[in-house]
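# Remarks on the overall topology
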Amino acid sequence: MRGFEHIVERQIQDAIEDGSLSGLPGEGRPLPTRSDAFVDPVEAAGFQMMAKSGAVPEELRLRRALSEARAAFAATADPEARARLMREIADLDLRHNLARDKRTGRL
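Anyway, here's the lowdown on the structure attached to this text.

Rules used in this analysis
- Residues numbered from 1 in each chain as written.
- Predicted model: local features only at pLDDT ≥ 70, side-chain atom pairs only at ≥ 80, totals over all residues.
- Heavy atoms only, no water.
- Helix = DSSP H or I, 4+ residues; strand = E, 2+ residues; numbered from the N terminus.
- Rg over C-alpha atoms; globule rule 2.2 N^0.38 Å.
- Buried < 20%, exposed > 50% of the residue type's maximum accessible area, 1.4 Å probe, protein only.
- Contact = heavy atoms within 4.5 Å.
- Areas by Shrake-Rupley, 256 points an atom, 1.4 Å probe, with all protein chains shown as cover.
- Expected span 1.5 Å × (residues − 1).
- Salt bridge = Lys/Arg side-chain N within 4 Å of Asp/Glu carboxyl O.
- Core = buried A, V, L, I, M, F, W, Y, C linked by side-chain atoms within 4.5 Å.
- Phe/Tyr/Trp six-rings, centres within 6.5 Å; stacked < 30°, edge-to-face > 60°.
- Lys NZ or Arg CZ within 6 Å of the ring centre and 35° of its normal.

## Considering the overall build of the protein chain
The helix and strand inventory of the protein chain stands at 4 helices and 0 strands. Walking the protein chain from its N terminus toward its C terminus, one meets helices and strands in the order α-α-α-α. A compact globule built from 107 residues would reach a C-alpha radius of gyration of about 13 Å, whereas the protein chain, at 19 Å, exceeds it by more than 25%. Principal-axis analysis of the C-alpha atoms places the extent of the protein chain at approximately 50 × 40 × 25 Å. Burial statistics for the protein chain: of 107 residues in total, 16% are counted as buried. The long-range share in the protein chain, meaning contacts at least 24 apart out of those at least 6 apart in sequence, stands at 45%. For the protein chain, the computed accessible surface area is about 8600 Å², with 58% contributed by carbon and sulfur atoms.

## A look at the environment of Arg100
Mapped onto the secondary structure, Arg100 falls in helix 4 (residues 79-104). Assessed through its relative accessible area of 25%, Arg100 is described here as partly exposed. Measuring from C-alpha to C-alpha, the distance between Arg100 and Arg63 comes to 9.9 Å, with 37 residues separating the pair along the chain.

## As for helix 2 (residues 41-52)
Here helix 2 contains 12 residues, and its C-alpha end-to-end distance of 16 Å stays within 8% of the 16 Å for a straight helix at 1.5 Å per residue. Gly54 occupies a position one or two residues after helix 2 and carries a positive phi of about 95 degrees.

## Here we look at the pattern of salt bridges
Applying the stated criterion across every chain yields a total of 9 salt bridges. Taking the shortest distance from any N to any O, the salt bridge between Glu17 and Arg10 comes out at 3.7 Å. Residue Glu17 is classed as exposed on the basis of its relative accessible area of 59%. Given a relative accessible area of 38%, Arg10 falls into the partly exposed group.

## What to know about the side chain of Glu59
With respect to the helices and strands, the residue Glu59 is situated in helix 3 (residues 58-75). Given the relative accessible area of 4%, Glu59 is considered buried. With residues up to four places along the chain from it excluded, the contact list for Glu59 reads Phe47, His96, Ala99, Arg100 and Arg103.

## Remarks on the nonpolar core
In this structure, Leu62, Leu66, Ala69, Phe73, Leu85, Ile89, Leu92 and Ala99 together form the largest nonpolar core, which totals 8 residues. Setting aside anything within four residues of it in sequence, one finds Leu85 in contact with Ala69, Ala72, Phe73 and Thr76.

## As for the packing of aromatic side chains
Inspection of every chain in the model, using the stated rule, returns 0 aromatic pairs. Against the face of Phe73 rests Arg82, its NZ or CZ located 3.9 Å from the ring centre.

In structure tokens, the structure reads:
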């Protein structure tokens, strides 16, 4: 694996030197957080097959709703709306974690 890492690192350095990585959207900003960053590739493939067939697992539906609630929370300044959204986020986060734990057999 060290050889592969060396090749990738060299390609990145070459791209930096020739300016290919300059002026890209988001340059200088932190990477966005991803809730699915540590999803097993086999699980990801399974989720993709289910999505193509029209079936959306409860875990993914809750993850999407959680993401939307967090975006709404960030976009509002109204204290009452923020309090309601915080309750909604806490509820969705708990339900999402339970669905994930049930799927993985941790529950």
